[in-house]
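Summary of structural features
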Amino acid sequence: MRTLLVTGGAGFIGANFVHYMLTRESNDRIIVYDKLTYAGRRENLAAVADHPRFLFVQGDICEMAQVRATVEQYNVDTIVNFAAESHVDRSILDPDAFVKTDVYGVYVLCEVVKQMGLARLHHVSTDEVYGPIAEGKFREDDRFMPTSPYAASKASGELIALSYYRTYGLPLTITRGVNTYGPYQYPEKAIPLFITNAIDDIPLPLYGNGLQVRDRLYVTDHASAIAFVLEHGKPGEAYNIAADMEKTNLEVAQRIVQALGKPAALIQFVKDRPAHDVRYALATEKLTALGWQASVSFEEGFERTVRWYQENENWWRPIKSGDWLDYYRKQYTER
Ligand code: NAD
Ligand code: TDX
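Residues numbered from 1 in each chain as written. Chains lettered and ligands numbered in written order. Predicted model: local features only at pLDDT ≥ 70, side-chain atom pairs only at ≥ 80, totals over all residues. Heavy atoms only, no water.

A closer look at the environment of Ala 134
You can see Ala 134 is positioned in the loop between β5 (120-126) and α5 (149-168). Counting along the chain gives 53 residues from Ala 134 to Asn 81, while the straight-line C-alpha distance between them is 30 Å. (Helix = DSSP H or I, 4+ residues; strand = E, 2+ residues; numbered from the N terminus.)

With respect to the pairing of strand β8 (residues 204-207)
Of the two faces of β8, the one lined by Leu 204 and Leu 206 and the one lined by Pro 205 and Tyr 207 are each fully buried. Two elements, β8 and strand β12 (residues 267-270), share four bridges in a ladder whose sense is parallel. Bridge pairing in β12 links Tyr 207 to Val 270. (Buried < 20%, exposed > 50% of the residue type's maximum accessible area, 1.4 Å probe, protein only. Pairing = 2+ DSSP bridges.)

Considerations on the layout of surface pockets
Estimates place the volume of the largest pocket at around 300 Å³. Every residue lining the largest pocket is counted, 16 residues in all, and those nearest its centre are Glu 140, Asp 141, Arg 176, Ala 238 and Lys 286. When residues in the lining of the largest pocket are grouped by element, the largest group, three residues, is from α5. For the lining of the largest pocket, the class distribution of residues is five nonpolar, one polar and 10 charged. (1 Å grid on protein atoms, 1.4 Å probe; cavity = no way out; pocket = protein on both sides within 12 Å on 5 of 7 lines; lining within 4 Å. Points joined across faces, edges and corners; volume = space filled by probe spheres on them. Nonpolar A, V, L, I, M, F, W, Y, C, P; charged D, E, K, R; others polar.)

Observations regarding the environment of Thr 305
Along the chain, the position of Thr 305 falls in helix α10 (residues 298-311). Judged by its relative accessible area of 1%, Thr 305 is buried. Taking the C-alpha atoms as reference, Thr 305 lies 8.4 Å from Pro 192; in sequence the two are 113 residues apart. Other than its neighbours up to four places away in sequence, Thr 305 contacts Tyr 181, Gly 182, Ile 191, Ile 195 and Tyr 218. (Contact = heavy atoms within 4.5 Å.)

Quick word on empty space enclosed by the protein
Evaluated as defined, the whole model comprises two cavities of 30 Å³ or more. As a volume, the second largest cavity reaches approximately 50 Å³. In this structure, the second largest cavity is lined by Val 88, Glu 128, Ser 148, Arg 214, Arg 273, Ala 275, Asp 277 and Tyr 280. When its residues are assigned to classes, the lining of the second largest cavity shows three nonpolar, one polar and four charged.

Observations concerning the sheet that holds strand β7 (residues 179-181)
The strand order across the open sheet formed by three strands is β7-β9-β11, and the pairing between neighbours is mixed. Each edge of the open sheet is held by one strand with a lone partner, namely β7 and β11 (246-248). Sheet twist, expressed as the average angle between the axes of neighbouring strands with direction ignored, equals 50°. As paired elements, strand β9 (residues 213-218) and β11 share three bridges and run antiparallel to each other. Bridged to Val 213 within β11 is Thr 248. Relative to β11, helix α8 (residues 249-259) is tilted by about 80°, and along the sheet it contacts β9 and β11. (Axes fitted to C-alpha atoms, helices over the stretch in contact; angles between N-to-C directions.)

Some points on unusual backbone geometry
Comment: phi is negative for the bulk of residues other than glycine, and the bulk of peptide bonds are trans. Positive phi, close to 75°, is recorded for Tyr 184, a residue that is not glycine. Positive phi, normally seen in glycine, also occurs at Ala 275, with a value near 50°. Its location among the elements puts Ala 275 in the loop between β12 and α9 (285-290). Under the relative-accessibility criterion, Ala 275 is labelled exposed at 58%.

Quick look at the structure:
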């Protein structure tokens, strides 16, 4: 039996990972440790709130004493770190929290794992650390060339963690996933933003020409890949996660209006994101050679996602407006 401290477990991928871990055969205990920023919500964990192997602790990964106390109190042996500021547009407008959580916060977790002799730190990273690639795919040993303050913070956090593996032998594994979508994703990210806008007949703002390419991964596949690396990954190694489902933003927006029976005229081209990465793509042989594979096609994941937002308005309506979205609309959607 392991006891996992899932930092950032009340956010989109973290909550889906917790659901995944608690519904499969295992005795693992799951302690979610989350600051509950705007992106972290107890509602995301409502389905497992009474599960006998689940507990929630509100806390910040930048607070070393609190992380240590939680590890001690619950006999944690493994930390899986999802906690991050995760939205590129917010990092462009105000990078401060990104540097704190995505860099310093990772350092704190490394220190705790080192000081307390834990069995594993698994750090969840992103395709964005490599930067854009016009053709071909990045492999795990390619150099980092991040563009946005978000991507640079994630790259910096990873470099700190890797230095702890090299210098102190920290039992570290890393995964770098591509753009992930599915239930519980905050409606500031493109897919849930577009779906919820389309439901309300609000324009879908496509940055620039809409031809930027992202590889799309359904969230349960992202969760299963992390669980797989926790069991089969080798310390000191990073693993790309992708499912070979490259799509332009324009194609995704078109599929959304079609699926919801809305007019294509809802799609509006707006001012581009500064330094917008034109394409991300990852080679996944390292992970598939170990035996992991994705199980949800884009068609199936897309249909499930659209249906989930249609059926769960009570989840997204309360967070569909507010300071950020109002500010964002001014910054990005007015030409
Ligand atoms: P999210 O923004 O939905 O959730 C982040 C969670 O971290 C929230 O619950 C938030 O409250 C929590 N958090 C933030 N700062 C914290 C702090 N200082 N201490 C404790 N908790 C804190 O993000 P997500 O989309 O679920 O992403 C999860 C992880 O996966 C991130 O590390 C992100 O970089 C990475 N990632 C995301 C994607 C994607 O497409 N969403 C793709 C690849 C990698
Ligand atoms: O309104 C929009 N219009 C638009 O055209 C928004 C919000 C986005 N976009 C474009 C920008 C990107 O090319 O859609 C694409 C996807 O945008 P986001 O959903 O913001 O994702 P991205 O910037 O690619 O980053 C995501 O994937 C990698 C996550 O937010 C990161 O946390 C993850 O590391």
